[in-house]
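# A structural walkthrough
The primary structure of each chain is shown beneath.
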Amino acid sequence: MKKSIVVLLTFFTVHSCAELQGVVDSLPQGGGVLSNTDIASGLRQALDLGIEKQVTKLTKTDGFYKNELVKILLPAELQKVDKGLRDIGLGSLADEGLKALNRAAEDAVKEATPIFVDAVKEITFADARNILLGADDAATQYLTSKTQTSLYDKFHPVINNSFSKVGADQIWQNLINRYNAIPFTNNVNPDLTDYVTEQALKGVYTMIAVEEKEIRNKVGARSTDLLRRVFALQDQK
């Protein structure tokens, strides 16, 4: 009888240990349970990498202009200007105008990158775990919702300055004057600074999302211990 009890206890002990080991094995390795603060720090690191690796690409020549993800196209009210100029053989002038908008964005992002870095530092993740377990761009979406309005106010004067710096204001004044001189056309005078500011911001968020998706889907893209630990949780969802 005693032998049977010992065998039974041994069985339950081994079985319980196996279950306990299974629970341990299912936890993220290298640091145990992560707090909301740890996860928030990991999300900020992912966003910082997006700025460091992807947004900096936008600051180079043709960073916007030759990147189909973020290339700034003409607003609706200027598309008729583009068509009107091409119809009278001024296609190269129209191309110059489009390139000027993208050059202004490239220059502005170079000047404003610290603004985005500071925005990431200041952002608070009230529910970091749910964001971590969300969509491939969940952290970028959250950053956008929390910073877009304030960043627009800071970014707009930078864009305005860049317009003058790269000569885009003079180019477009010339373009619009040429277009307005075409017979039977309605004069246009759009707010290009406002439009390019919005498009440049959209481009920045788009490129941050590219890096976030990379980190979420490729273990090799997790370049720090914190990123590996935090996104190991996401891998289990």
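Residues numbered from 1 in each chain as written. Predicted model: local features only at pLDDT ≥ 70, side-chain atom pairs only at ≥ 80, totals over all residues. Heavy atoms only, no water.

## Concerning the nonpolar core
With 70 residues, the main nonpolar core has L43, F125, F155 and W172 as its most contacted residues. Contributions of two or more residues to this core are made by helix 2 (36-58), helix 3 (76-87), helix 4 (91-122), helix 5 (128-132), helix 6 (138-165), helix 7 (168-180), helix 8 (192-217) and helix 9 (225-235). With residues up to four places along the chain from it excluded, the contact list for W172 reads L74, L78, V81, G97, L98, A100, L101 and L192. (Core = buried A, V, L, I, M, F, W, Y, C linked by side-chain atoms within 4.5 Å. Buried < 20%, exposed > 50% of the residue type's maximum accessible area, 1.4 Å probe, protein only. Helix = DSSP H or I, 4+ residues; strand = E, 2+ residues; numbered from the N terminus. Contact = heavy atoms within 4.5 Å.)

## A look at the packing of helix 4 against helix 8
Between helix 4 and helix 8, whose axes approach to 10 Å, the crossing angle comes to 60°. By the angle between their directions, the pair helix 4 and helix 8 is classed as oblique. When the axes of helix 4 and helix 8 are compared, the crossing they make is right-handed. Where helix 4 abuts helix 8, its residues L101, A105, V109 and F116 lie against L192, V196, A200, L201 and V204. Per-class residue counts for the contact of helix 4 with helix 8 are 9 nonpolar, no polar and no charged. (Axes fitted to C-alpha atoms, helices over the stretch in contact; angles between N-to-C directions. Parallel < 35°, antiparallel > 145°, perpendicular 65-115°, else oblique. Left-handed = near helix turned anticlockwise from the far one by under 90°. Nonpolar A, V, L, I, M, F, W, Y, C, P; charged D, E, K, R; others polar.)

## Points about unusual backbone geometry
For D62, which is not glycine, the phi dihedral falls at a positive 70°. The exposure class assigned to D62 is buried, which follows from its relative accessible area of 19%.

## Points about the pattern of salt bridges
Counted according to the given criterion, the structure contains 13 salt bridges. For the salt bridge of D87 with K83, the shortest nitrogen-to-oxygen distance reads 2.9 Å. With a gap of 4 residues between them, D87 and K83 both fall in helix 3, about one helical turn apart. One exposure class covers both D87 and K83, and it is exposed. (Salt bridge = Lys/Arg side-chain N within 4 Å of Asp/Glu carboxyl O.)

Distances and angles like these do not, on their own, reveal function.
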